[in-house]
Structures are given as structure tokens and as C-alpha cells.
Amino acid sequence: MTGAALLSLALGLLLRPLALRRWPPVPLCCPWVPLALVGVEVLGVLAGLPLQGAVYLGVFLWVGLNRHPALLPLLLGTGFNGLAILVHGGMPVDPRALERAGLGRTASFLEAKGDGLHFLGPAFPLGDWIALPGRVLSPGDLLICLSLFLVAMRGVRYDKEGS
């Protein structure tokens, strides 16, 4: 997901000159919150702590504070991923999708010990089943990337109200 997110941001920045005349920047309050949430997620992964629920709650609250159409895909994608994790006790990853993406070794790793969040299993419709070269994504991941693309393309304006 990280690579896809960075690609989405880069494409949005590259296409930003096309959007500057059409759309105003996205006004964001509390711009430090998404960065803090990324830090919480990384800490949870590194320490093996189940912090994913706190990250999802933080995203919902932050989007609620900002209420902008460019953030709607972020809200939906986070909701889809959270629902998949809640229903399955982790994010299911389709082993066939891993093979198609050239990640057969990842399938072996997940089968042997897992990573604490992902596991091999039937992933359709909300899990990781969309194979791209070197990546397997979920529909929620694609929606999150769409939101990152839209925000990067439009740019942001720091909104002091609500911060």
C-alpha cells in the first residue's frame, strides 16, 4: 500500500498544474493528524501492538473535522479496510493474487507465520485481491489512493479554524 500511496501522491503533484485553474486547494485543519496516525500505525507494526483500530478511528475523526469531497474516498476506503479486518480478524490476502503480482515469497511468509495483520485466505470483495506488479491491494486501498491523488492534485490550504 505504501508504494501505491506514494505513486498516487506523485501523480497528483505531476498533474497539479492542470487542476490549479479549475479547483481551489483543499482546506485542511489539523494537518498533523494524518502524520501522527501514520506514526501510530508504524509503531504498532514494529512493536506488534494491535493499534489498527485506533488508526481507523483517528482517520474517521479527522475526515469528520475536515468534511471535504476529496476526502470521501479516504473515508470509504478506510471503512472498507476496517470492515474487512473486523469481519475476518485481519486483512485476508488472496494467495493467487500474490502469485500474479510476483509475490510468491510473501505468500510463503504469510503461510508460515503471518505478519500479525494479514493472512492468506479468500479476500474477495474487501480484502487484498487486486494484483498489480509487485503489489496486492484491496478496493479500500484503491479508494485511499484516489483520495491522496485528489488532495495532491488540488493542493492544500491550512485552515486555522478547528486546529
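Structure: see above.
Residues numbered from 1 in each chain as written. Predicted model: local features only at pLDDT ≥ 70, side-chain atom pairs only at ≥ 80, totals over all residues. Heavy atoms only, no water.

(A) Structural view of the overall build of the protein chain. Scanning the protein chain from N- to C-terminus turns up 8 helices and 6 strands. Counting from the amino terminus, the protein chain carries its helices and strands in the arrangement α-α-β-α-α-α-β-α-α-β-β-β-α-β. What you see for the protein chain is a C-alpha radius of gyration of 17 Å, in line with the 15 Å of a compact globule of 163 residues. On the principal axes, the C-alpha backbone points of the protein chain span a range of 50 × 30 × 25 Å. Taken across its 163 residues, the protein chain has 38% of its residues classed as buried. Sequence-distant contacts, at least 24 apart, represent 72% of the contacts inside the protein chain between residues at least 6 apart. Counting every atom, the protein chain has about 9700 Å² of accessible surface; 69% of that belongs to carbon and sulfur. (Helix = DSSP H or I, 4+ residues; strand = E, 2+ residues; numbered from the N terminus. Rg over C-alpha atoms; globule rule 2.2 N^0.38 Å. Buried < 20%, exposed > 50% of the residue type's maximum accessible area, 1.4 Å probe, protein only. Contact = heavy atoms within 4.5 Å. Areas by Shrake-Rupley, 256 points an atom, 1.4 Å probe, with all protein chains shown as cover.)

(B) Fine view of the packing of aromatic side chains. Under the defined criterion, the tally for this structure stands at 1 aromatic pair. Seen in terms of ring centroids, F124 and W129 are 5.1 Å apart; in terms of plane orientation they differ by 65 degrees. Their pairing is edge-to-face. Under the relative-accessibility criterion, F124 is labelled exposed at 63%. On the accessibility criterion, W129 (28% relative accessible area) is partly exposed. (Phe/Tyr/Trp six-rings, centres within 6.5 Å; stacked < 30°, edge-to-face > 60°.)

(C) Here's a closer look at the environment of S138. Following the sequence through the fold, S138 ends up in the loop between β5 (135-137) and α8 (139-154). S138 sits in the buried class, given a relative accessible area of 0%. Apart from the residues within four sequence positions on either side, S138 is in contact with N81, M91, L126, G127, D128 and I130.

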